[in-house]
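Working through the structure, step by step
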Amino acid sequence: MSGGASSSRRAPAERLADRLGTRDHAILASLQEFRLMSGSQLRRLHFPGGDQSTQARKTRAVLRRLTELGVVTRAERRVGGVRSGSEGFCYGLSGLGHAVLDIGQLAARRHRSNIETKSAFAAHVLGVSELAVELTEQSRAGSCAIEELRAEPGCWRSFTAHSGARRVLKPDAYVRLTVGVFDLASFVELDMATESLPTIARKNEVYVDYWRSGAEQQASGFFPRVWWCVPHHARLQAIARTISRLPEAVHGLFAVTLTEHAAHALTHIPVTDTEGGA
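It should be emphasised that the depicted structure is a prediction, and the values quoted were computed from it without experimental measurement. (Residues numbered from 1 in each chain as written. Predicted model: local features only at pLDDT ≥ 70, side-chain atom pairs only at ≥ 80, totals over all residues. Heavy atoms only, no water.)

Focus: a positive patch on the surface
Judged by side-chain charge, Arg23, Arg57, Lys58, Arg60 and Arg64 come together as a positively charged surface patch. Looking at the positive patch, the element that brings in the most residues is helix H4 (residues 52-69), giving four residues. Position of arginine 57 relative to the elements: it lies in helix H4. Look at arginine 57 and you get partly exposed, because its relative accessible area is 47%. (Patch = residues over 30% accessible without salt bridge, like charges linked within 9 Å, V, L, I, M, F, W, Y side chains within 5 Å. Areas by Shrake-Rupley, 256 points an atom, 1.4 Å probe, with all protein chains shown as cover. Salt bridge = Lys/Arg side-chain N within 4 Å of Asp/Glu carboxyl O. Lys, Arg positive; Asp, Glu negative; His and termini not counted. Charge placed at Lys NZ, Arg CZ, Asp CG, Glu CD. Helix = DSSP H or I, 4+ residues; strand = E, 2+ residues; numbered from the N terminus. Buried < 20%, exposed > 50% of the residue type's maximum accessible area, 1.4 Å probe, protein only.)

Here you go:
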């Protein structure tokens with residue numbers, strides 16, 4: 001966002017901010033963090049409990065109002081098929097919506113104000129959003145407490161490798177939970193089975209470099225487990241084999257689970273390197 005665009009949006013953003021309620025701001029914050037969410041995901045996250053049809057109607061009304069105010073953008077594509085109705089529409093934050101959230105910040109940040117809806121991108125981003133919603137639902141059910149939940153790029157880590165080179169670790173999400181007396185932290189990689197296994201291996205090597213740097217351990221006292229969330233058993237076995245080719249000392253840094261079991265895996269003390277749920 002250029003300085004001129006920032007200035008042109010600030011005045012209307014300030015006027016709008018006072019018109020938006022607490023839940024409105026929470027919806028905008030979710031869209032800023034996760035970039036793209038479906039109507040169904042927003043309903044489950046911000047309109048929990050009660051009759052589902054009633055809550056869906058409330059969600060539609062709020063999203064329609066936020067869209068008309070120009071702080072939310074609705075994509076034309078749907079997820080979940082035709083029968084999903086308006087709950088299947090994808091929503092993102094507009095430039096004005098970002099400006100509303102930037103009020104009170106020392107300086108406006110640069111944001112992408114359009115929604116990218118290419119199929120592969122949308123499926124991946126919505127997958128991360130779905131995991132966040134499922135973890136929130138588990139938290140409400142009492143199985144965990146969410147201490148931190150960040151999507152990219154907020155969860156990225158910059159560090160200095162042993163070679164002296166600056167590197168950036170780019171997980172899809174970072175999750176820190178309290179489960180009973182345990183603290184569980186995870187870097188999440190949502191795999192769509194579209195990347196080659198050599199690419200997966202290189203990504204794992206970046207995690208190993210980051211672990212060896214000690215930066216995360218110094219900041220938080222421990223190193224999160226790296227969870228690869230995959231779409232099917234064949235991919236689970238393939239990534240598990242890729243991990244097995246790393247030095248044995250670092251095998252315990254990694255685990256693999258089916259995406260459909262990811263929320264369960266992240267909220268339970270892992271006992272094996274693969275949590276396929278078979």
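Moving on from the model shown.
A short note on the packing of helix H3 (residues 39-46) against helix H6 (residues 119-140)
H6 packs onto H3 with a crossing angle of 25 degrees between their chain directions and a minimal axis gap of 10 Å. Comparing the axis directions of H3 and H6 gives the class roughly parallel. Taken as a pair, H3 and H6 cross one another with a handedness that is left-handed. In this structure, H3 contributes Gln41, Arg44 and Leu45 to the contact, and H6 contributes Leu126, Ser129, Glu130, Val133, Glu134, Thr136, Glu137 and Arg140. Here the contact of H3 with H6 is composed, by residue class, of three nonpolar, three polar and five charged. (Axes fitted to C-alpha atoms, helices over the stretch in contact; angles between N-to-C directions. Parallel < 35°, antiparallel > 145°, perpendicular 65-115°, else oblique. Left-handed = near helix turned anticlockwise from the far one by under 90°. Contact = heavy atoms within 4.5 Å. Nonpolar A, V, L, I, M, F, W, Y, C, P; charged D, E, K, R; others polar.)

With respect to the nonpolar core
Membership of the largest hydrophobic core comes to 46 residues, with the highest contact counts inside it found for Ile27, Leu28, Leu31, Val71, Val100 and Leu135. Beyond its immediate stretch of four places on either side in the chain, isoleucine 27 contacts Leu42, His46, Phe47, Val62, Leu63 and Leu66. Listed in part, the 25 residues of the second largest apolar core include Cys155, Val226, Ile239 and Val250. (Core = buried A, V, L, I, M, F, W, Y, C linked by side-chain atoms within 4.5 Å.)

Some details on the pattern of salt bridges
Counted according to the given criterion, the structure contains nine salt bridges. Two residues, arginine 44 and glutamate 130, come together in a salt bridge whose shortest N-O distance is 2.9 Å. Highlighted residues: arginine 44 in helix H3 and glutamate 130 in helix H6, separated in sequence by 86 residues. Overall, arginine 44 belongs to the buried group, its relative accessible area being 16%.

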